[in-house]
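One letter stands for each residue in the lines below.
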Amino acid sequence: MTWLSDAAVGRLRDAAELPDFSGTRYDLVRELGRGGMGVVYEAHDRELDRRVAIKVLATETASPAAAERMRAEARVVARLEHPGIVPLHDAGTLADGRIYYAMKLVRGQRLDELACGTTELLRILLRVCEAVALAHARGVVHCDLKPQNVMTGTFGEVLVMDWGVARTVDESRVDANTRVLAGTRGFMAPEQERGEPVDARADVYALGAMLRALLVAPPKLLRAIIDKATAADRDARYANAGELAADLVRYLDGAPLAAYRENAFERAGRWLARNRALVAVVVAYLIMRVIVLIAVHR
Amino acid sequence: MSLFPTTRRSVVEALGSTDAFERARALDAVVSIYWRPLYKYARIAHRRDDAEDRTQSFLAYVLEKNALASYDTAKASFRTFLRLLFDRHLANEMKAERRLKRGGGAADLPFDEAEAELAREHDRGGSPEEYFQREWARSVFSVAVERLRAGARDDDFALFQAYDLDDARLSYRELGARFGMSETTVTNRLAAMRRHFREHVLDVLRDATASEREFRAEVRALLGVDA
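These numbers come from a predicted model, not from an experiment. (Residues numbered from 1 in each chain as written. Chains lettered and ligands numbered in written order. Predicted model: local features only at pLDDT ≥ 70, side-chain atom pairs only at ≥ 80, totals over all residues. Heavy atoms only, no water.)

J.: Looking at this structure, I do not really get the nonpolar core. What am I missing?
T.: Across soluble globular proteins, nonpolar side chains show a tendency to be buried alongside one another. Y34(B), L68(B), F78(B), F141(B), F197(B) and L222(B) are the most contacted members of the largest nonpolar core, which has 63 residues in total. When residues of this core are assigned to their parent elements, the largest contribution, 11 residues, is made by helix α2 (residues 20-43) of chain B. Ignoring sequence-local partners within four residues, the contact set of Y34(B) consists of F78(B), R79(B), L82(B), F132(B), W136(B), S139(B) and A208(B). Judged by nonpolar contacts, the second largest core, of 42 residues, contains V77(A), L111(A), L134(A) and L211(A). (Core = buried A, V, L, I, M, F, W, Y, C linked by side-chain atoms within 4.5 Å. Buried < 20%, exposed > 50% of the residue type's maximum accessible area, 1.4 Å probe, protein only. Helix = DSSP H or I, 4+ residues; strand = E, 2+ residues; numbered from the N terminus. Contact = heavy atoms within 4.5 Å.)

J.: Whenever I open this one, the packing of helix α10 (residues 183-207) of chain B against helix α11 (residues 212-222) of chain B confuses me. Can you help?
T.: Each pair of packed helices gets described by two things: the angle between the helix axes and the distance between those axes. All names here are of chain B. Between α10 and α11, whose axes approach to 9 Å, the crossing angle comes to 130 degrees. Here α11 runs oblique to α10, going by the angle between their axes. Handedness of the crossing formed by α10 with α11: right-handed. Of the residues in α11, those touching α10 at V201, L202, L205 and R206 are E212, F215, E218, V219 and L222. (Axes fitted to C-alpha atoms, helices over the stretch in contact; angles between N-to-C directions. Parallel < 35°, antiparallel > 145°, perpendicular 65-115°, else oblique. Left-handed = near helix turned anticlockwise from the far one by under 90°.)

J.: Help me understand the sheet that holds strand β8 (residues 150-153) of chain A, please; the structure alone is not making it clear to me.
T.: Remark on secondary structure: sheet strands pair via backbone hydrogen bonds, oriented parallel or antiparallel. Residues and elements named next belong to chain A. Across the sheet, which stays open at both edges, the three strands sit in the order β6-β8-β9 with antiparallel pairing between neighbours. One side of each edge strand has no neighbouring strand; the edge strands of this open sheet are β6 (108-110) and β9 (158-160). Direction aside, neighbouring strands of the sheet carry axes that sit 25 degrees apart on average. Sheet topology places β6 next to β8; three bridges connect them, and they run antiparallel. Residue pairing for β8: G108 is matched across the bridge by G153. Sheet strands in contact with helix α3 (residues 118-137) are β8 and β9, and its direction is about 45 degrees off that of β9. (Pairing = 2+ DSSP bridges.)

J.: How should the domain arrangement of chain A be read in this particular structure?
T.: The accessible area lost on association of the parts is a frequent measure of interface size. Here the domain parsing of chain A yields domain 1 (11-104), domain 2 (108-253) and domain 3 (264-297). Look at where the C-alpha atoms of domain 2 of chain A and domain 3 of chain A centre, and you get two points 42 Å apart. (Domains from an automatic or database assignment.)

J.: Sorry if this is basic, but what is going on with the sheet that holds strand β2 (residues 38-45) of chain A here?
T.: Residues and elements named next belong to chain A. Strand order across the open sheet formed by five strands is β1-β2-β3-β5-β4, with antiparallel pairing between neighbours. Of all the strands in the sheet, the pair left with one neighbour each is β1 (26-34) and β4 (88-93). Going across the sheet, the axis of each strand differs from the next one's by a mean of 25 degrees, ignoring polarity. Judged from the five bridges that link them, β4 and strand β5 (residues 99-104) form a sheet pairing that is antiparallel. Residue pairing in the sheet places A91 in a bridge with Y101 of β5. Relative to β5, helix α2 (residues 64-78) is tilted by about 25 degrees, and along the sheet it contacts β3 (50-57), β4 and β5.

J.: Just checking my understanding: could you explain the packing of aromatic side chains for this structure?
T.: When we look at a pair of aromatic rings, we describe it by the centre distance and by the angle of the planes. All names here are of chain B. Scanning the entire structure with this criterion turns up 15 aromatic pairs over all chains. Ring centres of Y41 and F86 lie 6.4 Å apart, and the angle between their planes is 40 degrees; this geometry places the pair in the tilted category. Placement of Y41 in helix α2 and of F86 in helix α4 (residues 78-92) is noted, with a sequence separation of 45 residues between them. Since its relative accessible area comes to 8%, Y41 is described here as buried. (Phe/Tyr/Trp six-rings, centres within 6.5 Å; stacked < 30°, edge-to-face > 60°.)

What follows is the structure in structure tokens.
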């Protein structure tokens, strides 16, 4: 039997594990990370002389079902063209038979690693909601939204990543028994944990859970938004990410929320808070009139 | 042979067969993957004669007593189960009994080869368990390399050997000059050989595991993902 030195074992390990990019326009640079189904590598695109991220089906999960799942993921991402969704450049099969797809290489920080204030955080989450709203409009549910799957780029980009367990609403409808087993505890809607068919409201739950995880001591109105988004009964949640985004915008603008029914005092207080300048002018005018009236009657 | 794991019966499953012939064939397959790691593991604490005796007697014992049939996929990987069973055997068996059993079933093993390998420079650091795991990886790759050699054209294997096995690693250009082929041909042939090699590695692991879950875990362990 051939003696394999330690160095040879290392090379063979690479040969067995590293994707074979021969015959493609890409050169492998380094491994970036591993998910449940695939490994993401940084690669150099020789044709366009740029760096890209390439997701390759992991060796240990290679199976016809996993390959089909990854093809489906590529098709889902390809049809979601939005500034908040990482764009797909290319997809295919490597010489070693594994499925891959190439996408924009995002340089920046994951949302869970980002340090910023509440307002900035809300603006980022608003953009996440807008990207997810487009997916919902296309009938796609992400199913694994969490801070680790949101990248904030160096130039202000906000990108929703890892659509590996995304599914179309049709898939749920076609087979009501289809179980969504993937997802992350703490961000997964109760119906998703139970393996029931999911719709956009599962993502709404995850977005609400993200708000809860990222905001330290949120004010009452923001808590109301979080509570509505993460209601155990999905009928009590926002219908989709667009509705949640609209309530976040209303919160930032000081407008009445869908998530919170105000009493008369709160409504008046909010009106006063929103119209401080007008109130100040009116009050100043009234004070001046009072002073004038007093002066005249003396 | 396909890229993807097949659903064929693994040798680990066949070890529990009621058919003695099928069981013996399965044990042969397991022995081909594990005897070297077991022997080298035994050599950490034992002299050559004792390590040979204990490895042989262990393999004879598992064949005669059908000891591997008690493997429970829910409790540990087959690799761990085998090592723990070997540990117990090393601790319990009396030397006289071992000698009586020697040659009682398991094929004669080329211990000289394993001794020659032990004499070569290789990583002996870490715990005995870690050493066993490294030698298991070396053994799996060695079996896969031999299967690759058996199925490949001589010149293709020579190319693979020169680039992936020999420590004096040549560039694709140098390989082309040595084998009289263009750099592109070298690239394509090496890519094909590596693809076949990966298929053999997965086949070896498929043989040596009893469930899809264990198979995936062993692929991760072998390829260094979780190591």
